Amino acid sequence: MHSHDNIDWDAHLERLRAADELNAPEIAEVVGKLVRPGDRTVLEIGAGAGGTAAAFAAALAESGGDVTVVDTAPELLAAAGERAGAVSDRVTVHAVRADAAEDGLAEAVVQAGAPAQADLVFAAFVVHHLPDQLAGLRRLAELVRPGGRLAIIEFGLQTRVLPDDVGLGEPGLEARLIAARDQSFQQMRAEMDGSARLPVGWGKALSQAGLSDVRSWSYLVDRPAPLDEVGRSAVLRRLQLLRRHAEDGLAPADLEALDQLVDESGEHCAANRDDVYYLTANTVHVGTR
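Keep in mind it's a predicted model, so treat the numbers as computed, not measured.

Participant: I'd like to hear about the overall build of the protein chain, residue by residue, with values.
Facilitator: Looking only at helices and strands, the protein chain features 9 helices and 7 strands. Whereas a compact globule of 289 residues would reach a radius of gyration of roughly 19 Å, the protein chain reaches 19 Å, a difference of no more than 12%. Along the longest, intermediate and shortest principal axes, the C-alpha atoms of the protein chain span 55 × 40 × 35 Å. When burial is assessed residue by residue, the protein chain has 51% of its 289 residues classed as buried. Long-range contacts, defined as pairs at least 24 residues apart, comprise 80% of the intrachain contacts of the protein chain with a sequence gap of at least 6. Element-wise, carbon and sulfur atoms account for 48% of the exposed surface of the protein chain, whose accessible area totals about 13,300 Å². Side chains of the protein chain carry 27 positive and 45 negative charges; the gap between the two charge centres is 7 Å.

Participant: Account for helix 3 (residues 74–85), with residues named and values stated.
Facilitator: Between the first and last C-alpha of helix 3 there are 16 Å, a value that for 12 residues agrees with the 16 Å anticipated at 1.5 Å per step. Buried positions along helix 3 lie against helix 1 (13–34), helix 2 (51–60), strand 2 (65–71) and strand 3 (91–97).

Participant: With reference to specific residues and values, describe the packing of aromatic side chains.
Facilitator: This structure, assessed with the given rule, holds 2 aromatic pairs. Taken together, a centroid distance of 5.2 Å and an interplanar angle of 70° make the contact between Phe56 and Phe122 edge-to-face. With Phe56 in helix 2 and Phe122 in strand 4 (residues 118–124), the pair connects residues that are 66 residues apart, well separated along the chain. Note on accessibility: Phe56 and Phe122 belong to one class, buried.

Participant: Lay out the environment of Gly287 with the relevant residues and their values.
Facilitator: Secondary-structure assignment places Gly287 in strand 7 (residues 278–288). For the pair Gly287 and Glu14, spaced 273 residues apart in sequence, the C-alpha to C-alpha distance is 32 Å.

Participant: Give me helix 2: which residues, what numbers.
Facilitator: Structurally, the α-helix is built with 3.6 residues per turn, so residues lying three or four positions apart point the same way. Taken across its 10 residues, helix 2 has 8 buried, putting it largely inside the fold. All of the buried residues along helix 2 are Gly51, Thr52, Ala53, Ala54, Ala55, Phe56, Ala57 and Leu60.

Participant: Requested: an account of the environment of Arg181, with residues and values cited.
Facilitator: Take Arg181: it is sitting in helix 6 (residues 173–191). The spacing of Arg181 and Leu241 is 60 residues in sequence and 9.0 Å in space, taken between C-alpha atoms. In this structure, Arg181 is in contact with Arg238, Leu241, Leu242 and His245, ignoring residues within four places of it in sequence.

Participant: Report on the pattern of salt bridges, specifying residues and quantitative values.
Facilitator: The final tally for this structure, using the stated rule, is 12 salt bridges. Note that Glu14 and Arg17 form a salt bridge whose closest N and O atoms lie 2.7 Å from each other. Residue Glu14 and its partner Arg17 are located together in helix 1, separated by 3 residues, close to a single helical turn. Between Arg139 and Asp103 there is a salt bridge, and its shortest N-O distance comes to 3.1 Å. With a gap of 36 residues between them, Arg139 in helix 5 (residues 133–141) and Asp103 in the loop between strand 3 and helix 4 (105–111) connect regions that are remote in the sequence. Using a relative accessible area of 13% as the deciding quantity, one classes Arg139 as buried. Look at Asp103 and you get exposed, because its relative accessible area is 69%. One network of salt bridges, in which partners are shared, links Arg36, Asp39 and Arg149.

Participant: Help me get a handle on the sheet that holds strand 6 (residues 212–223), residues and values and all.
Facilitator: Read across the open sheet, the 7 strands follow the order 3-2-1-4-5-7-6; overall the sheet is mixed. With one partner strand each, in any of the chains shown, strand 3 and strand 6 form the two edges of the open sheet. Looking at each pair of strands side by side, their axes are set apart by 20° on average, direction ignored. Note: strand 6 against strand 7, 10 bridges, orientation antiparallel. Bridged to Tyr219 within strand 7 is Asn282.

Definitions and cut-offs
Residues numbered from 1 in each chain as written. Predicted model: local features only at pLDDT ≥ 70, side-chain atom pairs only at ≥ 80, totals over all residues. Heavy atoms only, no water. Helix = DSSP H or I, 4+ residues; strand = E, 2+ residues; numbered from the N terminus. Rg over C-alpha atoms; globule rule 2.2 N^0.38 Å. Buried < 20%, exposed > 50% of the residue type's maximum accessible area, 1.4 Å probe, protein only. Contact = heavy atoms within 4.5 Å. Areas by Shrake-Rupley, 256 points an atom, 1.4 Å probe, with all protein chains shown as cover. Lys, Arg positive; Asp, Glu negative; His and termini not counted. Charge placed at Lys NZ, Arg CZ, Asp CG, Glu CD. Expected span 1.5 Å × (residues − 1). Phe/Tyr/Trp six-rings, centres within 6.5 Å; stacked < 30°, edge-to-face > 60°. Salt bridge = Lys/Arg side-chain N within 4 Å of Asp/Glu carboxyl O. Pairing = 2+ DSSP bridges. Axes fitted to C-alpha atoms, helices over the stretch in contact; angles between N-to-C directions.

Put into structure tokens, the structure is as follows:
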């Protein structure tokens, strides 16, 4: 099923599972900061492969509670629900197929038997995909109980995986790849039905959505060279993602260099290098209802 950004997210299940494995220590830390001792209900929008939902279930395992996962992609939803449900029999997991861009979101949550409002509503790398991001934040805020919090994660700094000179083409390839992807993303948003600009930062947007006591912090995912197999696979996935957005934004020489880096059977495959790394910074934004 394709979402508003025309991405078939079900097709990305294995990639999302691998990303969960790579990011597991940082996600556990984020969840530990977000879940308060009195929290009993968590609702996650865009649950992916379920790694974060499972971390929330683990955080509630001692006290008991409810974890609700919401997604439009049926295979992702089933995978996330299954993974979170396997954590603890003291945590009830609800799987809700619904769209965060639609006004029927709250109704769908209730109809699925999940709590109508949660102590913590969480959405990682979801809101930037919604056509009207501010309207989406307001919709998510309605799912937060009074005194509860809405937390979103969005990109802080661009992911970097390559040395400046990879020995193929001209130096600075990764910077040009990132620029091409940014251009592709802006074009995607411009062509999205119902797209609306959000000319403020995410913290300000949470305030405009009616939340108070807004705060933000960032965390690093830092895997220096030389990488293990999990890290090298993450580098290859990153470059493959950039390749999908590069066709119209790069010079032929850059495309040729990138194709060599992602060719798993070739001598220049990035996954075989001992100087690639994985470094990114993401930012958590939290507001209270």
